[in-house]
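# Survey of secondary and tertiary structure
Below, each chain spelled out in residue letters.
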Number of protein chains: 2
Amino acid sequence: MSKCLVFGHQNPDTDAIASSYGWAYLERTAWGRDAEAVALGIPNEETAFALNYFGVEAPRVVESAKAEGVFHVILTDHNEFQQSIADIREVEVAAVIDHHRVANFETANPLYMRLEPVGSASSIVYRASKEAGVTLPREVAGLLLSGLISDTLLLKSPTTHESDAQVAKELAELAGVNLEEYGLELLKAGTNLASKSAEELIDIDAKTFPLNGNSVRVAQVNTVDIAEVLERKADIEAAMTASSVANGYSDFVLMITDILNSNSEILALGSNMDKVEAAFNFKLKNNHAFLAGAVSRKKQVVPQLTESFNA
Amino acid sequence: MSKCLVFGHQNPDTDAIASSYGWAYLERTAWGRDAEAVALGIPNEETAFALNYFGVEAPRVVESAKAEGVFHVILTDHNEFQQSIADIREVEVAAVIDHHRVANFETANPLYMRLEPVGSASSIVYRASKEAGVTLPREVAGLLLSGLISDTLLLKSPTTHESDAQVAKELAELAGVNLEEYGLELLKAGTNLASKSAEELIDIDAKTFPLNGNSVRVAQVNTVDIAEVLERKADIEAAMTASSVANGYSDFVLMITDILNSNSEILALGSNMDKVEAAFNFKLKNNHAFLAGAVSRKKQVVPQLTESFNA
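Keep in mind that what you see is a predicted model, and the values were worked out from it rather than measured.

This part takes up the overall build of chain A. A tally of helices and strands in chain A yields 12 helices and 10 strands. A globule of 311 residues ought to have a C-alpha radius of gyration of about 19 Å, and chain A, at 19 Å, matches this closely. Look at the contacts in chain A between residues 6 or more apart in sequence, and 64% of them connect residues 24 or more apart. Carbon and sulfur atoms provide 48% of the accessible area of chain A, an area that totals close to 12,500 Å². For chain A, the distance from the average site of its 25 positive side-chain charges to the average site of its 43 negative ones is 3 Å.

Following this line, the structure appears as structure tokens:
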């Protein structure tokens, strides 16, 4: 097979960057294939912390596979085409390593596809490295550990799989870090919201979901101090409204997640607030409400919104 | 998880039956889950030979998962919903074990999905059993071997993966059979076409493909004597025409595959014979033509038809 690009989703988070970096390493080391990890966007601050900590350069950003002269791609941490590279339908997907639901994905030919309902795509890459008998170097293990910590909020999210704790332990050993200490440092690096404009803040980690004819934007930011974020509420609301108008979102739901206490404040604006309230069985006051114990968009917010919008 | 049904595609072939039987065995034995292998149709003669040889009862036929009180299903040897159980969209797909392209498939939640571009779904089930440290009993190994032999025409089809020869060797040892001898016996059991009406013959292994607005039926039968099948040409053509009228197929393409010499005769009828001829760069005479070296619908017929119909 000719050269292959390996990448995570658009607007990459730490698991997207780490899993693609780790899988490309396996392609080269375990299977002798010509593979390069690239990214569909620049690293966020949390990811930049991890890359810097383990001395890894950020993967270069690409926008088209064909412009790179590449006809085979490997997707990590995503499968839906609208989250992938712009010309995804014009190239061959050779493999997918992911832990999300499957949708908007199809191929013309058989492929290698490995999806497991675990806490991170990085967990799967690590398991594959063990199966292949590859001992990961410190920096690869460190990045994969960072992907797992980031996606599971240090193993506290309900998306955490029972196998993930052992994966984290083994990766921390290979990376030579203390899991709890490094984990909190990493997560805190992603909570530096003060340096971000309101427009940037609502776009750090945001996905659009088509719900029963509506276009619902669900964004999430991590913090160690919800109150500090709410002090900027007026600015953030203005940015949410402007983004909805510009992009045709019917509703904009922002999760402000307290990574220390594992709760979220929901800030929501749009034309279906009755459905948002019904989804979480709460009343919005001044456009916001507290959601105890909620830290996972994938498990604790999107399914509830989906059900409520379809009711 | 509550009880789970494991099944292959509609109109099951040996790999569909074998892979579902083997995977259900792994679910129970390796992971202690409540899983039952069932089927979406009765076994064909080749599969019946394998079941009988290894003393396994045919899986019972089911038509609805919900009617069985089941809400979780595992698909083997297929993923496209139109090839699956009738109420597939109303139940949760917990896992997929397959070696086909991905299309018409989506889930609401993360799942276990293991696709490899290898010769049979049975090959993947065997690899998973080794990873899980399970030594397969003779009858399970024998069925998986049968699935692999059937799908690869005894490792001769271009769909055969470089890893499949070793898989076949190990399964033959576990099953206590001679690979070549058992393989030919199995394949010949599927070539008993004399007992079948023309209507049955064209439906033994048939799939419909939507090609550029046309509905193209591509069927395949295995034989050790192409001439013998062509003696029934008039009857078979009448059955193909009647089936096209009844089901709205624009074209009906039948591969008559010589399993001993690895060639096929193509018998084709319909409104796009120019496209069929262009696909294989041959001229049909009396509706048929020889296709040297062609044994795989998946690799040597459907992609060529797809390209020609889209040209």
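The two chain copies are connected by a rotation around an axis plus a translation along it. After a rotation of 180 degrees and a shift along the axis of 0.1 Å, chain A superposes on chain B with an RMSD of 0.1 Å. Expressed as a symmetry operation, the mapping of one chain copy onto the other fits a two-fold axis. When C-alpha distances to the rotation axis are compared across chain A, the minimum falls at Arg114(A), with a value of 2.5 Å. Same-surface contact between copies: 100% of interface residues of chain A are shared with the interface of chain B.

A few words on the UniProt feature "binding site: Mn(2+) 2" (unreviewed entry) in chain A. All names here are of chain A. Taken from the UniProt record, the annotation "binding site: Mn(2+) 2" (unreviewed entry) applies to Asp15, Asp77, His99 and Asp151. The named residues occupy 137 residues along the chain; their greatest pairwise C-alpha distance, 10.7 Å, places them in one compact cluster. Inspection of the secondary structure assignment puts Asp15 in helix α1 (residues 14-29). Those residues in contact with Asp15 that lie beyond four places of it in its chain are Asp77, His99, Ser120, Ala121, Ser122, Gly147 and Asp151. A polar side-chain atom of Asp15 sits 3.4 Å from a polar atom in the side chain of His99. Inspection of the secondary structure assignment puts Asp151 in helix α4 (residues 138-152). For Asp151, a relative accessible area of 19% corresponds to the buried category. Setting aside chain neighbours within four positions, we find Asp151 in contact with Asp13, Asp15, Asp77, His99, Gly119, Ser120, Ser157 and Thr159. Within the local environment of Asp151, its side chain forms a polar contact with the side chain of His99, the two groups lying 3.1 Å apart.

Next up on the list: the sheet that holds strand β4 (residues 92-98) of chain A. Judged by pairing direction, the sheet is mixed, and its 10 strands sit side by side in the order β2(A)-β1(A)-β3(A)-β4(A)-β5(A)-β5(B)-β4(B)-β3(B)-β1(B)-β2(B) without closing on themselves. Looking at strand neighbours, the two that pair on one side only are β2 (35-37) of chain A together with β2 (35-37) of chain B, the edges of this open sheet. Pairs of neighbouring strands in the sheet enclose a mean axial angle of 20 degrees, with direction left out of account. Relative to strand β3 (residues 72-76) of chain B, strand β1 (residues 4-7) of chain B runs parallel, the two sharing four bridges. In the strand pairing of β3(B), Val6(B) is matched with Ile74(B).

This paragraph deals with the packing of helix α1 (residues 14-29) of chain B against helix α3 (residues 121-131) of chain B. All names here are of chain B. Look at α1 against α3: their axes get within 8 Å of each other, and the N-to-C directions meet at 15 degrees. With respect to each other, α1 and α3 are oriented roughly parallel. For the pair α1 and α3, the sense of crossing is left-handed. Along its contact with α1, which presents Asp15, Ala18, Ser19, Gly22, Trp23 and Leu26, the element α3 presents Ala121, Ser122, Val125, Ala128 and Ser129.

With that settled, the discussion passes to a nonpolar patch on the surface. Residues and elements named next belong to chain A. A surface patch of nonpolar side chains, about 200 Å² in accessible area, is lined by Leu184, Val224 and Leu260. Among the structural elements, Leu260 can be located in the loop between β8 (251-258) and β9 (263-270). Judged by its relative accessible area of 38%, Leu260 falls in the partly exposed class.

Bringing the pairing of strand β5 (residues 112-115) of chain A into the picture now. Examined bridge by bridge, β4(A) and β5(A) share four bridges and lie parallel to one another. Bridged to Ile97(A) within β5(A) is Arg114(A). Two elements, β5(A) and strand β5 (residues 112-115) of chain B, share three bridges in a ladder whose sense is antiparallel. Following the sheet pairing, Met113(A) is matched in β5(B) by Leu115(B).

Each value, and the rule that gives it
- Chains are numbered independently. Their residues run from 1 in the order of the written sequence.
- Each chain is given a letter, starting from A, and each ligand a number, starting from 1, according to the order in which they appear as written.
- pLDDT decides what is reported in this predicted model: residues at 70 or higher carry local features, side-chain atom pairs at 80 or more are listed and counted, and totals for whole chains, interfaces and linings draw on all residues regardless.
- Hydrogens and water molecules were not included; the side-chain quantities draw on all heavy atoms of the structure.
- Starting at the N terminus, helices and strands are each numbered in turn, a helix being any DSSP run of H or I of at least four residues and a strand any DSSP run of E of at least two.
- Only C-alpha atoms enter the radius of gyration; for comparison, a globular chain is expected to reach 2.2 Å times N to the power 0.38, where N is the number of residues.
- Should any heavy atoms of two residues lie within 4.5 Å, those residues are considered in contact.
- Method for areas: the Shrake-Rupley scheme with a 1.4 Å probe, in which residue coverage is limited to the protein chains shown.
- All tallies of charge rest on Lys and Arg as positive and Asp and Glu as negative; His and the ends of each chain are not included.
- Every charge is mapped onto a representative atom, which is NZ of Lys, CZ of Arg, CG of Asp or CD of Glu.
- The superposition of copies rests on a least-squares fit of C-alpha positions from residues with pLDDT of 70 or more in both.
- UniProt positions are given in the numbering used here, feature names are shortened, and annotations may be inferred rather than shown by experiment.
- Polar contact criterion, stated in full: a pair of N or O atoms within 3.5 Å, where within protein one must be able to donate a hydrogen and the other to accept it, and residues adjacent in sequence count only if both atoms are side-chain atoms.
- Three exposure classes are used, based on accessible area relative to the maximum for each residue type with a 1.4 Å probe and protein chains only: buried under 20%, partly exposed in between, and exposed over 50%.
- Pairing between strands requires that DSSP locate at least two bridges from one strand to the other.
- Here an angle of 0 to 180 degrees is reported between the N-to-C directions of two axes, which are lines fitted to C-alpha atoms, with helices fitted over the stretch in contact.
- Should an angle lie under 35 degrees it is considered roughly parallel, over 145 roughly antiparallel, and from 65 to 115 roughly perpendicular; all remaining angles are considered oblique.
- Here a crossing is called left-handed whenever its near helix is offset anticlockwise from the far helix by less than a right angle, and right-handed whenever the offset is clockwise.
- Patch membership requires more than 30% relative accessible area and the absence of a salt bridge. Residues of like charge join within 9 Å; the nonpolar side chains Val, Leu, Ile, Met, Phe, Trp and Tyr join within 5 Å.
- Counted as salt bridges are all cases of a side-chain nitrogen of Lys or Arg within 4 Å of a carboxyl oxygen of Asp or Glu.

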